Amino acid sequence: MNKFLKFILVLVIAIGNLTGCSFETKNDELYNSKLEEITDHLDKYGESVDELIKSPQNGNNWTQKELATDSTDSALSGTLRISVMWPDNETNLIAVAAKEFQDLHPEVKIQIQFHDDVLKYQAQTSVELMSNTAADIIDLSYIPYERYAAAGLLADLYPLMNADDSFHKEDYFVNVFEAFEDSQNGLAVVPLSFIFNSVTMRQDFMKSFDAEFENRGGISYQQMLDLYVRAQAEMEDENLYMSEFASATNWFEFEWDNLVDTRNKKAYMNTPEFLSNLEKIKRIKLTENVTQTKDGPGVLGGGYFRDKIFKMNPAVLFVLSSSIEDITQTLLPFNDMIYSKPIPIISDGMPTMYAPFVFGITNTTQNKELAWKFLSYCMAERALPVKEVDTNSFLFRLGFPINKQNFRKLVKAVANETLRKGGVVGYSFSGNRTAVIEESMAQVEKWCGMKGKVMQMDLNLFLDLIYPDLYQYLIGKQTAEQTATRIQTKTEIYLNE
Amino acid sequence: MNVTIRRRNKKKYREWVLWLLLLPSLMGMLIFYLLPFFLSMYYAMIDNVVSHRFVGLQNFIDTFHNLSFQQALKNTAFFILVGVPLNLICSFTIANLLKKVTKLKVFFGLIFLIPMIIPAGAVVFVWKSIFDVNGILNWVLYSVGLPMKNWLESEWVLGIVIIIFLWKNIGIGMILFWTGLNRIPKTYYEMARVEGGGAMGQLFHITLVYIMPTGFVAALLSIINSFKIFKEIFLLFGNYPSEWVYLLQHYMNNQFLAANAQKLSASAGIISAFIVSVLFFFFHSQRKLSEHFS
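Cut-offs applied
- Residues numbered from 1 in each chain as written.
- Chains lettered and ligands numbered in written order.
- Predicted model: local features only at pLDDT ≥ 70, side-chain atom pairs only at ≥ 80, totals over all residues.
- Heavy atoms only, no water.
- Helix = DSSP H or I, 4+ residues; strand = E, 2+ residues; numbered from the N terminus.
- Rg over C-alpha atoms; globule rule 2.2 N^0.38 Å.
- Buried < 20%, exposed > 50% of the residue type's maximum accessible area, 1.4 Å probe, protein only.
- Contact = heavy atoms within 4.5 Å.
- Areas by Shrake-Rupley, 256 points an atom, 1.4 Å probe, with all protein chains shown as cover.
- Lys, Arg positive; Asp, Glu negative; His and termini not counted.
- Charge placed at Lys NZ, Arg CZ, Asp CG, Glu CD.
- pLDDT = per-residue confidence, 0-100.
- Salt bridge = Lys/Arg side-chain N within 4 Å of Asp/Glu carboxyl O.
- Phe/Tyr/Trp six-rings, centres within 6.5 Å; stacked < 30°, edge-to-face > 60°.
- Lys NZ or Arg CZ within 6 Å of the ring centre and 35° of its normal.
- Pairing = 2+ DSSP bridges.
- UniProt positions renumbered as here; feature names shortened; annotations may be inferred.
- Patch = residues over 30% accessible without salt bridge, like charges linked within 9 Å, V, L, I, M, F, W, Y side chains within 5 Å.

Per an unreviewed UniProt entry, chain B goes by Carbohydrate ABC transporter membrane protein 1, CUT1 family and derives from Anaerocolumna aminovalerica.

Looking at an unreviewed UniProt entry, one finds chain A named Multiple sugar transport system substrate-binding protein, with Anaerocolumna aminovalerica as its source organism.

What follows is the structure, given as structure tokens:
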């Protein structure tokens, strides 16, 4: 009986080896064909972005702990207080990073105070800074930090950066740090992410008006406004739209540096050019989704795909593209799109950007080094949570991460997600998926590596200083000359304060 | 002798009790007013809250030379110089008229007191609906064929602010004057009538003379309340109103938002010095006049 059983066993093993039904899982031919099938399915149905991000060529299949161990000092201790202008949830990078940092450094305690009212937060921050009771790290994303920096209330981060051996500048977009420098070449704030402003134009309009700004490296807002007014006149159509630019805020925001000279405390709002631009602004037609009210300009809610915005309304000429999703989407070569590639919006020849995620360290804190360590941890490369690309985007407040590796991971994930969603709603593209994504990433990285100009006009200032008179002008209750004179006087008061 | 000592001891004891009873208020005054004031004067004499380098009166000098501060000082001074006398005249006149009213005296008195208790937001809403470009005033002007105007954005805006100030503060002045007028003995007026004194003579030689102490108090309160009108102006015009209603409080508020403790404290110090001077002038004048008339 034993002999018989041994014979059966040997027979099974031999037959198994010959036919492939063996105890081993690997079979090269079958494995390769399965892999091909999976790759095809990825294109059609969208596998989890998980697998794409964790591909060996990116080398980003580490856990956050493994990524962190390299660059952190295990002897850190102390208490950090952080003030954040964002709700407390899983999309808040500071909250996520604080938990991780405390796990890595059990001697460090981090207390975060969350705020959701910008005006209250600004007032509270002013009081706290003046009374030396401010948090060690302050979220300065939505408040004008230049005045705090000028009053010496924020620490210069360059000495901390230079003294930190574990911080390697080449891993970051140093050009973006430079854009945030103050007049003394100090760095009062660090951006954890940044956004480049760009516009996409209707292709046929662009061609017929010889507006090939794609090839000219960028377009200024003034050029867009002039083009819009020209189109209205030549096409004899007053109902043309500048989608998401359709409020007077934008012109002032983009042209603010040309309108005021803060060093010499002068304003240039009573010039013939300003009057002419006021008249042009008045001609901007608003869509039904944007309204101008006495309390402030309204906001347009855009569709996910820019193509839809152009197709829904044939009169739309320009659409703003500034978030990471918008720019990536408009770069990807979907077939039959009627819009151009994204064109950077420039000012004084430089691409304009703003930072939705900016932090500073209070100059009077006793924990500057610890605060810097935490901030550098937030900026450092991380294993991004990959369940939802949207979560990742909100982690960086829809901007491009300042760390180059995070940037590449996020742009790739966004590109994959966009291609997947595009496929679901019927958009197709030609060419190899990987090559398309790599090309788009390279283009975005090229832009992000350029020296940019930060636009940080205080919206509260705009609403107080400019909008009350501008609104009266836009509704026809005041002439352009009266408006210009009044705005000029108020701006001079502000500059002289 | 024993009685004298006992009386002196009793007096000392009473003084101690009075001071003891005053202590909570004095402590509150010290902690919430005097200490912060001295702290702000310290901030006014350093360069910033980080280095704490002593700069003496430099911040005060810079503030005086600041063009925006000068504009605010000019507007505030004009507002006080026009608004306060007008308030006193109107309050006194209404108090005088009310004295002569026999029916519904309390009702009419209350009418003038109600604006004092209305919240600033409601006050702004009411006056904006009158002076707004689409407001009642323009509607009336349009109806009679007169040109309309954006009153709140015109050079008349300070006049509108003065009207709001008068509307809100006439009540308190009226009450004070009414009380003061009621305290003047009627026999003085009878004697004046008997001796041939007319209404104007009675007014200048009796009423104004005996109402003067009350007038000083009313004027003082009026000046203090003139600074409180900032609430309504802020609600109407925000942080940067037109150059005609840019007041000292706007300057200070904006320095607060800019986290500039030095400029804020320096301007607060200047305003405090101004108010103390005015108070000193008032008390000194009142004492002199009282001595003269007694």
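Peer 1: Please set out the overall build of chain B residue by residue, giving values where relevant.
Peer 2: A tally of regular secondary structure across chain B gives 12 helices and 0 strands. Listing the helices and strands of chain B from first to last along the sequence gives α-α-α-α-α-α-α-α-α-α-α-α. Against the globule reference of 19 Å for 294 residues, chain B gives a C-alpha radius of gyration of 24 Å, more extended than a compact globule. Along the first, second and third principal axes, the C-alpha atoms of chain B reach 65 × 65 × 30 Å. Of all 294 residues assigned to chain B, the portion counted as buried reaches 40%. Within chain B, contacts between residues at least 6 apart in sequence are counted, and of these 68% link residues at least 24 apart. Put simply, chain B shows about 17,700 Å² of open surface, and 72% of that area lies on carbon and sulfur atoms. Once the 24 positive and 11 negative side-chain charges of chain B are each reduced to a mean point, those two points are 17 Å apart.

Peer 1: How would you sum up the confidence of the model for chain A? Please name residues and give values.
Peer 2: All names here are of chain A. Across chain A, the average pLDDT comes to 77, with 77% of residues at or above 70. Contacts of residues 14–63 to residues separated by more than four positions or lying in other chains number 30 contacts, the stretch itself having pLDDT below 50. Below pLDDT 50 for its whole length, residues 68–72 participates in 5 contacts with residues either more than four positions away or in separate chains.

Peer 1: Any details on the pattern of salt bridges? Residues and values, ideally.
Peer 2: Residue and element names in this part refer to chain A. Scanning all chains against the criterion turns up 15 salt bridges over all chains. Between D257 and K453 there is a salt bridge whose closest N-O contact spans 3.5 Å. Residue D257 is found in helix α12 (residues 248–259), and its partner K453 is found in strand β16 (residues 453–454); the two are separated by 196 residues along the sequence. Owing to a relative accessible area of 46%, D257 belongs among the partly exposed residues under this scheme. Among the charged side chains, a network of salt bridges with common partners joins D257, D348 and K453.

Peer 1: Quick one: what's the story with the packing of aromatic side chains, residue by residue and with numbers?
Peer 2: In this description, a pair of aromatic rings is defined by centroid distance and the angle of the planes. Residues and elements named next belong to chain A. One pass over the full model with this rule turns up 34 aromatic pairs over all chains. When the centroid spacing of 5.2 Å and the interplanar angle of 65° are considered together, the rings of F167 and W372 count as edge-to-face. Within this pair, whereas F167 is found in the loop between α8 (157–163) and α9 (174–179), its partner W372 is found in helix α16 (residues 368–379), the two being separated by 205 residues in sequence. Considered together, F167 and W372 belong to a single accessibility category, that of buried residues. A ring pair is formed by F400 and F407, whose centres lie 5.6 Å apart and whose planes are at 50°; its orientation type is tilted. Comparing F400 with F407, the two get one shared label, buried. Three or more aromatic residues link up through ring pairs in this structure, and these residues are F173, F194, F196, F400 and F407. One Lys or Arg, K282, reaches over the ring of Y473 and ends 4.7 Å from the middle of that ring. Taking the ring centre of F173 as reference, the NZ or CZ of K404 above it sits at 5.7 Å.

Peer 1: Break down the pairing of strand β5 (residues 198–201) of chain A for me, citing the residues and quoting the values.
Peer 2: All names here are of chain A. Residues S198 and T200 point to one face of β5 and V199 and M201 to the other, with burial holding for every one of them. Relative to strand β12 (residues 316–321), β5 runs antiparallel, the two sharing 4 bridges. Following the sheet pairing, T200 is matched in β12 by V319.

Peer 1: Can you lay out the UniProt feature "transmembrane region" (unreviewed entry) in chain B for me, pointing to particular residues and giving the numbers?
Peer 2: All names here are of chain B. According to UniProt, the feature "transmembrane region" (unreviewed entry) maps to residues 16–39, 76–95, 107–127, 156–181, 202–224 and 264–283 in the numbering used here. Secondary structure across residues 107–127 divides into 90% helix and 0% strand, with the first and last C-alpha atoms of the span separated by 23 Å. For residues 264–283, the end-to-end C-alpha separation is 28 Å, with 100% helix and 0% strand making up the annotated structure.

Peer 1: Residue-level account of a nonpolar patch on the surface, with values.
Peer 2: Residue and element names in this part refer to chain B. A cluster of nonpolar side chains, L20, L23, M27, M29, L30, I31, F32, Y33, L34, L35, F37 and F38, forms an exposed patch at the surface whose accessible area comes to about 1,200 Å². Within the secondary structure, M27 sits in helix α1 (residues 2–44). Assessed through its relative accessible area of 38%, M27 is described here as partly exposed.

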